[in-house]
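Observations on chain architecture
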Amino acid sequence: MGMKDKISGWLGKKKSAVQPVTTKERRHDEAFLFAQEDVIRNRWDILIFCTVVLICIVVPLRLGFLIKGWVYWLPVDIGSDVLLALDIVVCTMTTFEVDGEVIKDKTTILHHYLSGWFAADLLSVFPFEFIALITGSYHPAYRANRLIRMGRLTYYFSQWEKVTSLKPSVIRIFKSTFVILFLAHFIGCAFFLVILIEGDEAQVDFTGTTDILNRSLGSKYIRAFYWSFVTMTGYNNTNPHTQKETIFSIFVTMVGISLFATIIGTVGSLVTNLDSSALYFRQKMDGINDYMKYKRIPQDLQNEVRNYYTYLWKSGKGLDKNKVLDDLPPYLKNKMSVILNSEIIKKVPLFQQCKDDTEFINEIVKCLKPRVCLPNSFVVRKGEVGTEMFFISRGELNVVSDDDKVVFTLKDGGFFGEIALLYDTKRTASIVARTYCDMFVLTKEDFKKVMKKFPTQSKGIKEIAKERFQSIVDGQNQQAATDDKEDEQENAPNAPDEDDNAANIASVAAGSHNHAVVPNEASDEGNEARDE
């Protein structure tokens, strides 16, 4: 029986002998575990990633250039080994997922790690330097086993793709660049090792420079790095003489050209798809332009259509806001909608008594439908029957009088039309979009369905609506009386007071009837019975 089986069997027997775990014990055990997407674990992964990158730079450099001095490298060697050893401990305390279920059982976690990366991680920190104590001489090859950790770099990249907000294409481009640079580094170090092995047999035609062995370390490395790059791309002008040089050059050229052809094709595809929304927008606009040209649509209308789609692309990056959440399951879609729109619902006076009722607010949010309005387009017109309430997410709208005078401006977070959800009223003012406007609409039909689900909240909302409706009627009657008095005195109509209009404009925009009478409870119940 192997060491893994012994440890797993011992832990399994111990677990089976224990009584069922209590909630307190379970919480105590979970306190010493790390989730894969935990912030602390992600920062630890970044530290280990940097450590592995440092090892991948230093170890080939010391091996290829035969840097046998170890005293100056001692702090780096000890520090990296300690971090890699600690990472083994951290991996035994990190949860993992199986079919969406997070595994938090320590025995299962340990068994999963022992059957996975444990052997490679343990071998990568094994101190082969102790051989130097026996032989009495140090060689940089004793640290070559640390390069085994290179295999974990793909794991770190895949984890960052899950937790980062960057596009996957950006991470893949970075990964491809990373692979090219490190391969050039390894080949450059191997190139100089070939020169050291040949010694005086290395010719200038192959090395590309004279007296390369007597140059400084920096000069040697730059020459070797240059040789590896140009050889991988197939443009090397050096001429190998010996059999070792020829075989090595052929191998590097084959690997380099294959890698470059693959990476260049991959990077080209990634760059093309980096802004997929722009590509989608261009393709869609080409189709729309061809259609409008074929149908001989007037140029002014064509410009208006193009402006509309251009605004949609700039504000939403080409995504259809009506369908962007359709792929999510219902509970996630509801969470997203509530987070995006619940605050604007709570601001409405009509819903003040229900603002702490999460279930009611959620039902209202589910009924909201997005709508976009172009500048100078009418949202509502005076005299039409109101059947919708509007919530302004972005943009500005002007409330205009009969003589096209702006009496009030509604901005982000504003709303209007709430009275129209309960009463069949006509709009008493026109509202025109001043800028591009993103809005949400709540229809009377959807609102009635919500009211039937929440009868208790419905009574409170009706009382508030009746008070606001009465205030609108009183304001209109007062304004009419003032106008009649002024007509008698001056025999000329005057414009209504702008401040009074501005103070009540949200309610006016909501849509009160020109000859409105406040409904009573009986009429409300009759309307509900008729609707049913």
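Everything below is about the structure printed above this text.
Residues numbered from 1 in each chain as written. Predicted model: local features only at pLDDT ≥ 70, side-chain atom pairs only at ≥ 80, totals over all residues. Heavy atoms only, no water.

1. Digging into the sheet that holds strand β5 (residues 388-394)
Under the convention used in this document: Strand pairing follows a simple DSSP-based rule, namely that at least 2 bridges must link the two strands. Only DSSP runs of H or I covering at least 4 residues are called helices, and only runs of E covering at least 2 are called strands; the numbering of each starts at the N terminus. Contact definition: two residues touch when any of their heavy atoms are within 4.5 Å. Every angle, taken between N-to-C directions, lies between 0 and 180 degrees, and every axis is a line fitted to C-alpha atoms, over only the stretch in contact when it is a helix.
With antiparallel pairing, the 4 strands of this open sheet are ordered in space as β3-β10-β5-β8. Both edges of this open sheet fall to β3 (369-373) and β8 (415-416), since each of them pairs with a single strand only. The pairing of β5 with strand β10 (residues 437-443) spans 6 bridges and is classified as antiparallel. Paired with M389 across the two strands is L442, which belongs to β10. Where helix α17 (residues 444-453) meets the sheet, its contacts fall on β3 and β10, and the angle it forms with β10 comes to roughly 55 degrees.

2. Side note on the side chain of K444
Defined as follows: Only protein chains enter the calculation, and the probe is 1.4 Å; a residue is then buried if its accessible area is under 20% of its type maximum, exposed if over 50%, and partly exposed in between. Here a polar contact means two N or O atoms within 3.5 Å. Within protein one must be a hydrogen donor candidate and the other an acceptor candidate, and residues neighboring in sequence count only if both atoms are side-chain atoms.
Assignment of secondary structure puts K444 in helix α17. Judged by relative accessible area, which is 8%, K444 ranks as buried. At 3.3 Å, the side chain of K444 forms a polar contact with the backbone oxygen of A420. If near-sequence neighbours (up to four positions away) are discounted, K444 is found in contact with G386, T387, A420, L421, Y423 and D424.

3. A few points about the sheet that holds strand β7 (residues 406-410)
Spatially, 4 strands are ordered β4-β9-β6-β7 in an open sheet, and the strand pairing comes out antiparallel. Two strands close off the open sheet at either side, each with one partner strand: β4 (378-380) and β7. Between one strand and the next, the sheet's axes are offset by a mean angle of 30 degrees, whatever the strand orientation. Here β4 pairs with strand β9 (residues 430-433) via 2 bridges, running antiparallel. By the bridge assignment, V380 is partnered in β9 with I431.

4. Let's talk about the packing of helix α3 (residues 39-64) against helix α9 (residues 168-198)
Heads up, the condition is: These descriptions rest on fixed angle ranges, namely under 35 degrees for roughly parallel, over 145 for roughly antiparallel, 65 to 115 for roughly perpendicular, and the rest for oblique. It is the rotation of the near helix from the far one that decides the hand of a crossing: anticlockwise by less than a right angle makes it left-handed, clockwise makes it right-handed. Side-chain classes follow a simple rule in which Ala, Val, Leu, Ile, Met, Phe, Trp, Tyr, Cys and Pro form the nonpolar group, Asp, Glu, Lys and Arg form the charged group, and the remainder, Gly included, forms the polar group.
The geometry of α3 relative to α9 is characterised by a closest axis approach of 7 Å and an angle of 20 degrees between their N-to-C directions. The angle between α3 and α9 places the two elements in the roughly parallel class. For the pair α3 and α9, the sense of crossing is left-handed. Together, F49, V53, C56, I57, P60, L61, L63 and G64 of α3 and F178, F182, H185, F186, C189, F192, L193 and L196 of α9 make up the contact between the two elements. The class makeup of the residues in the contact of α3 with α9 is 14 nonpolar, 2 polar and no charged.

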